[in-house]
Amino acid sequence: MYLSSDANVRSILIVDDSAFEQRMLVDLLSELPYRVSVAFNGMQGYQLALANQPDLILLDVRMPNMDGYTCCRLLKANPATYDIPVIFLSGADAAEDRIMGLSIGGVDYVAKPFTPGELAARIHVHLNLMRRTGSGAPAEQEAASAVALNPDAVIVNAAKRLISDNLAALPSLSEIARSVGTYREKLSQLFREQTGMTVFAFIREERIARGVQLLRETEIDVQDIALLIGFNNAGNFATAFRERMGTTPSAFRLGAESAQGAGPGAAQKQDQDQDQDL
């Protein structure tokens, strides 16, 4: 459903399973200079976003088959749709709902019922912000097109981001899979095909890599780092770190500090040695 054929008019995709909510939003936006399309669930919304490249998406949260959070994860895992601003519209207005929507890539979260004037203002603000940022370079656009043709890579990218964002308290593999629109066995298969490793091997590598970063760049205690990246205690972290890096976290930190004190040349040499180990 399109309300305007003007190619210069900004386009908005509404994703909502309620016909009443769709009609209300269409009526509101029909009074503004926007071209509007609609989808009835998260998967249809994701596919329409890929095909039509709207300028902004109004995304409901609670929908059957694929909810708004899962749809947003897929949108943000695909370079072809990553830059499209997503405004969540939801009757769920608990703090954890708003935090979830913003943390997975939404630019705004508007609780229902909302006033038409407020929603119109928020849409206007985010469209103007997007206009200022401009479009990506040609090489980036080509990369985006390549990823857009591979839905399996998008699912794996979404799972990787979810894992990286939740190392301290990872959900189960089944929950991770459900959160990116698939199921446990399929996600395990896609991970092996796309990365050459299992999901659990990726989690282990991601935790150690984050530990290396925190040891190098912060003064956080080793015990606290262990908890931040999902280990039960410093002992478990030290064992896993030694197996992967050949040294303990404390010794690694001392070595990094010594290299920094010796100057950039020594630090660069240590980085090269550690890269070879990786």
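Residues numbered from 1 in each chain as written. Predicted model: local features only at pLDDT ≥ 70, side-chain atom pairs only at ≥ 80, totals over all residues. Heavy atoms only, no water.

## A closer look at the pattern of salt bridges
- This structure, assessed with the given rule, holds eleven salt bridges.
- Here Arg161 ties to Asp165 by a salt bridge, and the two come within 3.6 Å at their closest N and O atoms. Of the two residues, Arg161 and Asp165 are both situated in helix H7 (residues 151–165); the distance of four residues between them amounts to about one turn of the helix.
- What makes Asp165 partly exposed here is its relative accessible area of 49%.
- We note a salt bridge from Arg244 to Glu205, for which the minimum N-O separation is 3.0 Å. Of this pair, Arg244 sits in helix H12 (residues 234–245) while Glu205 sits in helix H10 (residues 199–217), and the two are 39 residues apart along the sequence. (Salt bridge = Lys/Arg side-chain N within 4 Å of Asp/Glu carboxyl O. Helix = DSSP H or I, 4+ residues; strand = E, 2+ residues; numbered from the N terminus. Buried < 20%, exposed > 50% of the residue type's maximum accessible area, 1.4 Å probe, protein only.)

## Some points on the packing of H7 against H10
- Closest axis-to-axis distance for the H7/H10 pair is 10 Å, and the angle between their directions is 45°. As the angle between them shows, H7 and H10 are arranged oblique. In the crossing of H7 with H10, the sense of the turn from one axis to the other is right-handed. Contacts between H7 and H10 pair Lys160, Ile163 and Ser164 from the former with Val199, Phe202, Ile203, Glu206 and Arg210 from the latter.
- Its residues placed into classes, the contact of H7 with H10 shows four nonpolar, one polar and three charged. (Axes fitted to C-alpha atoms, helices over the stretch in contact; angles between N-to-C directions. Parallel < 35°, antiparallel > 145°, perpendicular 65-115°, else oblique. Left-handed = near helix turned anticlockwise from the far one by under 90°. Contact = heavy atoms within 4.5 Å. Nonpolar A, V, L, I, M, F, W, Y, C, P; charged D, E, K, R; others polar.)

## Quick word on unusual backbone geometry
- Following Lys112, the chain continues into Pro113 via a peptide bond in cis, with omega recorded as -5°.
- Topologically, Pro113 is positioned in the loop between strand E5 (108–111) and helix H5 (116–133).
- At Gln53, a position not held by glycine, the phi torsion is positive, near 50°.
- For Gln53, the position within the fold is in the loop between helix H2 (42–52) and strand E3 (56–60).
- Using a relative accessible area of 37% as the deciding quantity, one classes Gln53 as partly exposed.
- A positive phi is found at Asn65, a non-glycine position, where the angle reads about 70°.
- Assignment of secondary structure puts Asn65 in the loop between E3 and helix H3 (68–77).

## Brief notes about the pairing of strand E2 (residues 34–39)
- Counting buried positions along E2 yields six of six residues, so the element is predominantly enclosed.
- With burial as the criterion, each face of E2 is covered, one bearing Tyr34, Val36 and Val38 and the other bearing Arg35, Ser37 and Ala39.
- Here six bridges tie strand E1 (residues 10–15) to E2, and the two strands are oriented parallel to one another. Looking across to E2, one finds that Leu13 is bridged to Ser37.
- Following the backbone out of E1, through helix H1 (residues 19–30) and into the adjacent parallel E2, one traces a crossover that is right-handed. (Pairing = 2+ DSSP bridges. Right-handed = clockwise from strand over helix to strand, strands pointing away.)

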